[in-house]
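So you can see what is in the structure, the chains are spelled out below.
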Amino acid sequence: MQTILKNQITNTLKNLGLSKGDTVIVHTSLKAMGYVCGDAQTVIEALIDVVGSDGTIIMPTQSWKNLDPEEGVHWDVDKKDWNLIRKNWPAYDKDITPTNTMGATAEMFRKWPGAMRSEHPARSFAALGKHAQEIISNHSLENIFGDGSPLSKIYDLHGKVLLLGVAYDKNTSLHLADARASYLSKHDYIAHSAIMENGKRVWKEYKTLFVDGEDFNKIGAAFEKTHNVAKAMIGDGLVRLIDQRELVDFAVDWIEQNRN
């Protein structure tokens, strides 16, 4: 297995077109790339080196286990104990609450010196750099991925999407297209999360858009037929750098034409 060093990552990202001052949302799988010397720390340091002090790095830091067991997020718990979870799951704390299945890089990134994390108890984002505060601020319970969310702020900043060893099914930016598109099956649902409210832990009910991402790989394949996507390999992992605005605009049209 090839040993991947930081300079290999930085050189590859620069060759793909990631530059100083860029705003970039990153999704990564260390396992897909192979043996990265230094693991998540190396990846984060490489990203910081490439975008510089005027750049901004964003990663999803979702803690989706802070949702109702009925949503299937506590599959290892007997149904008879669901009410125990509702009454006892710890309230979201952006400084403490761990990520769920976001990978080692996102988990380290949320704790990185200077990183800021949004307030959403289940679907948070963390950001580091020039526009970090702007991106993570006012992330409301109801508006997870739509206009005014961190994803739309990245769009407004003409941000990029970096997929490091993951496919389009992990591309959170496509949820902004979910929110903007019109299609017959589009609907809201009632979610629940544990939060602190007026100094007390509460099991909070809120209404938000239902999303699932089942067709995201199809959207990505269609997008790449008509748009140039910069690609390279880091170890065994395919890396893509994508213009987020181009992708989201394309995905809105695709969803409206192909979803029921």
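Residues numbered from 1 in each chain as written. Predicted model: local features only at pLDDT ≥ 70, side-chain atom pairs only at ≥ 80, totals over all residues. Heavy atoms only, no water.

1. Digging into helix α9 (residues 216–226)
Within an α-helix, residues lying three or four positions from one another point in the same direction, as the helix has 3.6 residues per turn. Basically, it comes down to this: The rule is simple: take the accessible area with a 1.4 Å probe, protein chains only, and divide by the maximum for that residue type; under 20% is buried, over 50% is exposed, in between is partly exposed. By the criteria applied, helices consist of DSSP H or I runs no shorter than four residues and strands consist of E runs no shorter than two, each listed in order from the N terminus. The arc refers to the directions leading from the helix axis to the C-beta atoms. By the convention used here, residues are in contact when the closest approach between their heavy atoms is within 4.5 Å.
The set of residues buried in α9 consists of F216, I219, G220, A222 and F223. End-on, the buried residues of α9 take up no more than an arc of 165 degrees, which puts them together on one face. Of the residues in α9, the exposed ones pointing more than 90 degrees away from the buried face are K218 and K225. Check the buried side of α9 and you find it contacts α8 (174–180), β11 (237–243) and α10 (244–258).

2. What about the pattern of salt bridges?
Side chains that differ in charge, positive against negative, can pair when their charged atoms come close. Selection criterion: One speaks of a salt bridge when a side-chain nitrogen belonging to Lys or Arg is within 4 Å of a carboxyl oxygen belonging to Asp or Glu.
For the coordinates displayed, the defined rule picks out 14 salt bridges. Here K80 makes a salt bridge to D81, at a shortest N to O gap of 3.4 Å. Several salt bridges converge on common partners, so that one network encompasses K6, E45 and D49.

3. What to know about the packing of helix α1 (residues 6–16) against helix α3 (residues 39–51)
Relative orientation and spacing of two packed helices are given, respectively, by the angle between their axes and the distance between those axes. Note the cut-off: Working convention: axes come from line fits to C-alpha atoms, limited for helices to the stretch in contact. Angles between N-to-C directions cover 0 to 180 degrees. Angular relationships are summarised with four words: roughly parallel below 35 degrees, roughly antiparallel beyond 145, roughly perpendicular across 65 to 115, and oblique for the angles in between. By convention the crossing between two helices is left-handed if the near helix lies anticlockwise of the far one by an angle smaller than a right angle, and right-handed if it lies clockwise.
One way to put it is that α1 packs onto α3 with a least axis distance of 9 Å and a crossing angle of 45 degrees. On the basis of their axis angle, the class for α1 and α3 is oblique. As α1 runs across α3, the sense of the crossing is right-handed. Contacts from K6, I9, T10, L13 and K14 of α1 reach α3 at T42, V43, E45, A46, L47, D49 and V50.

From the geometry alone we can't say anything about function, so treat these as descriptive.
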